[in-house]
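A structural walkthrough
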Amino acid sequence: MFKHILIPTDGSALSKKAVLQGVKFAQEVGAKVTGFFAAPPYRPVVYEDFVPANYMSPQQHEEATAKLAAKYLGAIDKACKDAGVTYQGYHIASEFPADAIIEAAKTKKCDIVFMASHGRRGLAGVLLGSETAKVLTHSKIPVLVYR
């Protein structure tokens with residue numbers, strides 16, 4: 001039924017659990033996996049003539065992002081290798097993770113997104129929003145939510 005699964009990660013503990021279950025699901029249905037990570041884009045903070053002491057150059061930001069993506073996506077890669085599932089990793093910089101997830105699924109021609117939900121409710125859900133809810137709302141392909 002499903003042949004190509006997008007598994008986005010944010011590196012959280014719940015996301016790590018979802019990765020393992022997503023890879024298990026891929027193994028059971030005989031699908032390949034694309035792991036995905038959307039990092040925040042580079043945005044220097046400069047106040048008129050003042051540059052903060054912890055200023056990060058664009059190159060340093062790119063290196064830090066690549067290192068973080070390798071860490072997060074490496075967990076998916078390892079799980080896929082252990083399960084004998086075909087894997088590819090993909091990461092981009094984006095201010096809007098939900099939009100990036102939907103676009104990644106489209107770009108990589110995935111037929112389902114398997115992702116975690118933190119299940120925030122009440123004020124936390126309103127204030128923090130939910131990337132999972134946004135993906136569920138706007139995705140044109142099925143989304144399987146792990147809680």
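Please refer to the structure placed before this passage.
Residues numbered from 1 in each chain as written. Predicted model: local features only at pLDDT ≥ 70, side-chain atom pairs only at ≥ 80, totals over all residues. Heavy atoms only, no water.

1. Here we look at helix H3 (residues 97-107)
Put simply, the rule reads: Exposure classes here rest on a 1.4 Å probe applied to the protein chains alone. A residue is buried below 20% of its type maximum, exposed above 50%, and partly exposed in between. Secondary structure follows DSSP: runs of H or I at least 4 residues long count as helices, runs of E at least 2 residues long count as strands, and numbering of each begins at the N terminus. Working note: the arc is built from the helix axis to C-beta atom directions. Working rule for contacts: check all heavy atoms of both residues, and any pair within 4.5 Å makes them a contact.
All buried positions along H3 are accounted for by Ala98, Ala100, Ile101, Ala104 and Ala105. Seen along its axis, H3 keeps its buried residues to an arc of 160 degrees; they face one direction. On its buried face, H3 is in contact with strand S1 (4-8), strand S2 (32-39), strand S3 (87-93), strand S4 (112-116) and helix H5 (131-138). Following H3 by one or two positions, Lys109 has its phi on the positive side, about 60 degrees.

2. A look at the packing of aromatic side chains
Our working rule: Here a pair means two rings of Phe, Tyr or Trp (six-membered ring of Trp) with centres within 6.5 Å. Their orientation is stacked below 30 degrees between planes, edge-to-face above 60, and tilted elsewhere. Comment: the charge-over-ring label is applied if NZ (Lys) or CZ (Arg) is within 6 Å of the ring centre and within 35 degrees of the ring normal.
Tallied over the full model, the rule gives four aromatic pairs. Ring geometry for Phe2 and Phe25: centres 6.2 Å apart, planes at 50 degrees, overall tilted. Highlighted residues: Phe2 in the segment before S1 and Phe25 in helix H1 (residues 13-29), separated in sequence by 23 residues. Across the pair, Phe25 and Phe2 agree in class, each one buried. Centre to centre, the rings of Phe37 and Tyr72 are 5.1 Å apart; their planes meet at 80 degrees, and the pair counts as edge-to-face. On the criterion of sequence distance, the pair formed by Phe37 in strand S2 and Tyr72 in helix H2 (residues 58-83) is long-range, its members being 35 residues apart. Among the residues examined, Phe37 registers a relative accessible area of 5% and is labelled buried. Sitting over the face of the ring of Tyr90, Lys108 holds its NZ or CZ atom 4.6 Å from the ring centroid.

3. Focus on the sheet that holds S2
Basically, it comes down to this: DSSP calls a pair of strands paired once it identifies at least 2 bridges connecting them. What counts as an axis is a line fitted to C-alpha atoms, over the stretch in contact for a helix, and the angles between N-to-C directions run from 0 to 180 degrees.
Spatially, five strands are ordered S3-S2-S1-S4-S5 in an open sheet, and the strand pairing comes out parallel. Each edge of the open sheet carries a strand with a single partner, namely S3 and strand S5 (143-146). Adjacent strand axes in the sheet meet at a mean angle of 25 degrees when their direction is disregarded. Looking at chain direction, S1 and S2 are connected through five bridges and run parallel. Bridge pairing in S2 places Pro8 opposite Phe36. The sheet strands contacting H1 are S1, S2, S4 and S5, and the helix crosses S4 at an angle near 150 degrees. Strand contacts of H3: S1, S2, S3 and S4, with the helix running at about 150 degrees to S2, the strand carrying the most contacts.

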